[in-house]
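# Remarks on the overall topology
Listed below, chain by chain, are the residues.
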Amino acid sequence: MNTELIRADFPILSRTVYGKPLIYLDNAATTQKPLCVLDAMRNEYLNVNANVHRGVHWLSQQATELHEGARETVRRFINARSTTEIVFTRGTTEGLNLIASCFSEACMQKGDEVVISTVEHHSNIVPWQLQAARKGIVLRVIPMDDDGTLDLEAFRRMLSQKTKIVSISHVSNVLGTVNPVEDIIRIAHQYDIPVVVDGAQSAPHFKVDMQALDCDFFVFSGHKIYGPTGIGVLYGKEAWLDRLPPYQGGGEMIEHVSFEKSTFERPPLKFEAGTPDYIATTGLAKALDYVSSVGLDAIQKHEEDLTRYTISQLLQIDGMRVFGIPADADLTTLRHDAVISFQLRDIHPMDMGTLLDRLGIAIRTGHHCAQPLMDRLGVLGTSRASFALYNTHEEVDALVAGVKRVATMF
Ligand code: C6P
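Residues numbered from 1 in each chain as written. Predicted model: local features only at pLDDT ≥ 70, side-chain atom pairs only at ≥ 80, totals over all residues. Heavy atoms only, no water.

### Concerning the site of the ligand
Inspection of the region around the ligand gives 16 residues, with Thr-93, Asp-198, Gln-201, Ser-221 and Arg-364 positioned closest. Between the ligand and the protein, one listed contact pairs an oxygen atom with a side-chain N or O atom of Gln-201 at 2.7 Å. Between the ligand and the protein, one listed contact pairs an oxygen atom with a side-chain N or O atom of Arg-384 at 2.7 Å. Here the ligand, which alone exposes 510 Å², has 88% of that area covered by the protein. Taken together, the residues of the shell around the ligand break down into four nonpolar, eight polar and four charged. (Near = heavy atom within 4 Å. Polar contact = N/O pair within 3.5 Å; in protein donor to acceptor, adjacent residues only side chain to side chain. Areas by Shrake-Rupley, 256 points an atom, 1.4 Å probe, with all protein chains shown as cover. Nonpolar A, V, L, I, M, F, W, Y, C, P; charged D, E, K, R; others polar.)

What follows is the structure in structure tokens.
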């Protein structure tokens, strides 16, 4: 993988901040966009813009072709069986809200349980809590050990007749740990319990294959995979999508409407009320093609190299704690996603982030929308560096040098 060539596709990476080269290490929050994505979206506005699914006219047909072509690109990217299993959403958060709302309406009664885990992002906690308040459903939480490993035995013991669904992140956005979703899906399916996988932090970093994974739902965001903001994907097995009620009502999700009664389209349109962000779906498809052209295996290898290198360098600093790493971990083979959370002595993450920023280094600090996980770790927040395909070893060296410099200030 030629990182230099790749960086040329992302003009923002050559800008400076405070007169210093930008070192962008906040990719778990959002990634930068390659020119091809921006060009595709601009071209559609300039040359093809028309509402989709509605017009007999030429432009509308062209726009619809691009939009439905994007659905096929997504299908291929995650190896779903059919485009009917691909619902466009505004992002991971909307996908999870949709499932929590529609699933609990159709399939849950008071006292029924949903299983989540300690490492979940708020997006996979709060939507279920909203349903808990409305319907009296109960949240059960898989515990983790101090390294961030989920306790599968506790998970197994948690399952009962009352368990109606399991909703779990593929990769922790704080720890970078890759959760054993294959095991979780296999165990849940032994009890006929469907599983939702939050793929916000996995889909951008390694191959996800819906047919191999066999999860019932999978969600991710376009903006974390080099695509535009405001677009995301909900994959759902056809049988489940058929069974769930619509999420919102409006144009294009109906079959027939009268004042007495409406009937609905089949999935995916049933879940896509109103004019979709068809410019963003074009951008997303371009981003996925871009990722595929570089190759997810190459991206994964590059990011794993960077991650292992960063962890080993950080751990050489006195008083450094890196979260989500077993004490006896072999750093040369550690399976860890491109997210590293750390804490240096008692230096406040906000100070760390602010001082690194003055060196041109963008990291994220705080609770990362995972407050229950912060409680479990016994911290108020962490400093977090996260990588994308365009980051380099030189940038890691700058980060480590920056952290060491901050260390001397306290
Ligand atoms: N995490 C981060 O900096 P949206 O905002 O809908 O695109 O994604 C929500 C979301 C859901 N699940 C996981 C595992 C996530 O990491 C995120 C987004 C960002 O960690 C923003 S808080």
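Next comes the rest of the account.
### Details of the pattern of salt bridges
All told, the structure shown has 20 salt bridges when counted by the stated rule. Between Lys-237 and Asp-216 there is a salt bridge whose closest N-O contact spans 3.5 Å. Here Asp-216 lies in the loop between helix H8 (210-213) and strand E9 (217-221) and Lys-237 lies in the loop between strand E10 (232-236) and helix H9 (238-243), a separation of 21 residues in the sequence. The exposure class assigned to Asp-216 is buried, which follows from its relative accessible area of 5%. In this structure, the salt-bridge partner of Arg-266 is Asp-242, at a minimum N-O distance of 2.9 Å. Residue Arg-266 is located in the loop between strand E12 (262-264) and helix H10 (278-294), and its partner Asp-242 is located in helix H9; the two are separated by 24 residues in the primary sequence. Arg-266 sits in the partly exposed class, given a relative accessible area of 44%. Classification of Asp-242 by relative accessible area gives partly exposed; the value is 36%. Because the salt bridges share partners, they merge into one network encompassing Glu-68, Arg-71 and Glu-272. (Salt bridge = Lys/Arg side-chain N within 4 Å of Asp/Glu carboxyl O. Helix = DSSP H or I, 4+ residues; strand = E, 2+ residues; numbered from the N terminus. Buried < 20%, exposed > 50% of the residue type's maximum accessible area, 1.4 Å probe, protein only.)

### Considerations on the side chain of Ser-60
In this fold, Ser-60 is placed in helix H3 (residues 58-78). Of note is the side chain of Ser-60, whose polar atom sits 2.8 Å from the backbone oxygen of Asn-51. Sequence-distant contacts of Ser-60, defined by excluding residues within four places in its chain, comprise Ala-50, Asn-51, Val-52, His-53, Arg-54 and Gly-55. (Contact = heavy atoms within 4.5 Å.)

### Some thoughts on the packing of helix H12 (residues 349-358) against helix H14 (residues 393-408)
Packing of H12 against H14 brings their axes to within 10 Å, and their N-to-C directions diverge by 120°. In terms of orientation, H12 and H14 fall into the oblique class. As for how H12 packs across H14, the hand of that crossing is right-handed. Where H12 abuts H14, its residues Met-352, Leu-355 and Leu-356 lie against Leu-399, Gly-402, Val-403 and Val-406. (Axes fitted to C-alpha atoms, helices over the stretch in contact; angles between N-to-C directions. Parallel < 35°, antiparallel > 145°, perpendicular 65-115°, else oblique. Left-handed = near helix turned anticlockwise from the far one by under 90°.)

### Topic: the packing of helix H2 (residues 35-48) against H10
Two elements in contact, H2 and H10, have axes separated by 8 Å at closest approach and are oriented at 150°. As judged from the angle between their axes, H2 and H10 are roughly antiparallel. Crossing angle aside, the handedness with which H2 passes H10 is right-handed. Contact with H2, carried on its side by Cys-36, Val-37, Ala-40, Met-41, Glu-44 and Tyr-45, involves Tyr-278, Ile-279, Ala-280, Thr-282, Gly-283, Lys-286, Ala-287 and Tyr-290 of H10 and no other residues of that element.

### With respect to the environment of Ile-86
If you trace the backbone, Ile-86 turns up in strand E4 (residues 86-89). With 15 residues separating them along the chain, Ile-86 and Arg-71 place their C-alpha atoms 6.6 Å apart. When sequence neighbours within four positions are dropped, the list of residues in contact with Ile-86 reads Arg-71, Val-74, Arg-75, Ile-78, Ala-80, Val-233, Leu-234, Tyr-235, Pro-268 and Glu-272.

### Describing the pairing of strand E11 (residues 254-257)
Two elements, E11 and E12, share three bridges in a ladder whose sense is antiparallel. Among the inter-strand pairings, Ile-254 is bridged to a residue of E12, identified as Phe-264. Between the end of E11 and the start of E12, which pair antiparallel, lie four residues. (Pairing = 2+ DSSP bridges.)

### Digging into the domain arrangement of the protein chain
The assigned domain composition of the protein chain is domain 1 (3-32 + 296-407) and domain 2 (38-292). Each of domain 1 and domain 2 has a C-alpha centre, and these two points are 28 Å apart. Tallying the contact residues gives 39 residues for domain 1 and 31 residues for domain 2. Counting the surface domain 1 buries against domain 2, the share from its top three residues, Leu-296, Asp-337 and Arg-376, is 23%. Here domain 1 is connected to domain 2 by two salt bridges. The residue Lys-207 makes a salt bridge to Asp-297 at a minimum N-O spacing of 3.4 Å. For the pair domain 1 and domain 2, the interface holds 20 residue pairs in polar contact (both at pLDDT 80 or more). Contributions of two or more residues to the side of domain 1 that touches domain 2 are made by helix H11 (296-314), strand E14 (339-344) and helix H13 (371-377). (Domains from an automatic or database assignment. Buried area = accessible area lost by both parts, 1.4 Å probe.)

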